[in-house]
Amino acid sequence: MYSDKVMDHFNNPRNVGEIENPSGVGTVGNAKCGDIMRMYFDIDEQGVIRDVKFKTFGCGAAIATSSMATELVKGKTVQEALTVTNQAVMEALDGLPPVKVHCSLLAEEAIHAALWDYAEKNHIVIEGLKKPVDDIAEKEEAE
């Protein structure tokens, strides 16, 4: 059912934890399944993500997608991180079962939410970044 890469990132997640005084933090959740993902970025003066951590409450696929997403954005510029899609996360994990695709969407949303927080804190605009839906209830209404 799950690929070897999904199982590896679930059993040995990378970049778990918090960053003290992060440049940006994004928290997203899915009320339907109960998964909650929080991503922390440490971004340097050149706009490069030098460190990234995550905390996820959820199923194995949510943990695996969080872990892989952190690996995909670490060392990237803010603009490069913005291009990491749920599809890229799924491909890097060698796929997810259809009922778990929402976990990869949460990972993409967590990246965007952390980037939004960074932009807000620094009074900058990141080209192509849209304001995330803050409230899980608002998100459900939008769907």
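Residues numbered from 1 in each chain as written. Predicted model: local features only at pLDDT ≥ 70, side-chain atom pairs only at ≥ 80, totals over all residues. Heavy atoms only, no water.

### What about the overall build of the protein?
Applicable threshold: A run of H or I in DSSP becomes a helix once it reaches four residues, and a run of E becomes a strand once it reaches two; helices and strands are each numbered from the N terminus. Note on method: radius of gyration uses C-alpha positions; expected globular size equals 2.2 Å times residues raised to 0.38. To be clear on the numbers: accessible area is Shrake-Rupley with a 1.4 Å probe, and residue cover counts the displayed protein chains and nothing else. Neither His nor the chain ends is counted toward charge; the positive residues are Lys and Arg and the negative residues Asp and Glu. Charge placement uses NZ in Lys and CZ in Arg. For Asp and Glu, CG and CD serve respectively.
Each helix and strand in the protein was counted, giving six helices and three strands. Walking the protein from its N terminus toward its C terminus, one meets helices and strands in the order α-β-β-β-α-α-α-α-α. For 143 residues, the compact-globule formula gives about 15 Å, and the C-alpha radius of gyration of the protein, at 14 Å, lands near that figure. With the C-alpha coordinates aligned to their principal axes, the bounding extent of the protein is approximately 45 × 35 × 25 Å. In the structure as shown, the protein presents an accessible area of about 7,500 Å², 51% of it carried by carbon and sulfur atoms. In the protein, the 14 positive side-chain charges and the 24 negative ones have mean positions that sit 3 Å from each other.

### What about the packing of helix 2 (residues 60–73) against helix 5 (residues 101–122)?
Convention followed: Between N-to-C directions, angles span 0 to 180 degrees; the directions come from axes that are lines fitted to C-alpha atoms, helices contributing only their stretch in contact. Oblique is the label for any angle not under 35 degrees, not over 145, and not in the 65 to 115 range, which are roughly parallel, roughly antiparallel and roughly perpendicular in turn. For any pair of crossing helices, the crossing counts as left-handed if the nearer helix is rotated counterclockwise from the farther one by less than a right angle, and right-handed if it is rotated clockwise. Residues count as neighbours in contact if any of their non-hydrogen atoms are within 4.5 Å of one another. For this scheme, ten residues count as nonpolar: Ala, Val, Leu, Ile, Met, Phe, Trp, Tyr, Cys and Pro. Four count as charged, namely Asp, Glu, Lys and Arg, and the remainder, Gly too, count as polar.
For the pair helix 2 and helix 5, interaxial distance at closest approach is 9 Å and the crossing angle is 40°. If you check the angle between helix 2 and helix 5, you find them oblique. Read as a crossing pair, helix 2 and helix 5 show a hand that is right-handed. Taking contact as the criterion, the partners of A61, A62, T65, A69 and V73 in helix 2 are, on helix 5, C103, S104, A107 and I111. Classifying every residue of the contact of helix 2 with helix 5 gives seven nonpolar, two polar and no charged.

### Observations concerning the nonpolar core
For clarity, the cut-off: Side-chain atoms within 4.5 Å link the members of a nonpolar core, which is a set of buried Ala, Val, Leu, Ile, Met, Phe, Trp, Tyr and Cys residues. Partly exposed residues are those whose accessible area sits between 20% and 50% of the maximum for their type, while under 20% is buried and over 50% is exposed, using a 1.4 Å probe and protein chains only.
Ranked by internal contacts, the top residues of the largest apolar core, which has 35 residues, are F41, V73, I111, L115 and I126. Breaking this core down by element, the ones donating at least two residues are strand 2 (36–43), strand 3 (49–57), helix 2, helix 3 (78–82), helix 4 (86–92) and helix 5. Looking at which element gives the most residues to this core, the answer is helix 5, with ten residues. Sequence-distant contacts of L115, that is, excluding residues within four places in its chain, are made with F41, V78, A81, L82, I126 and L129.

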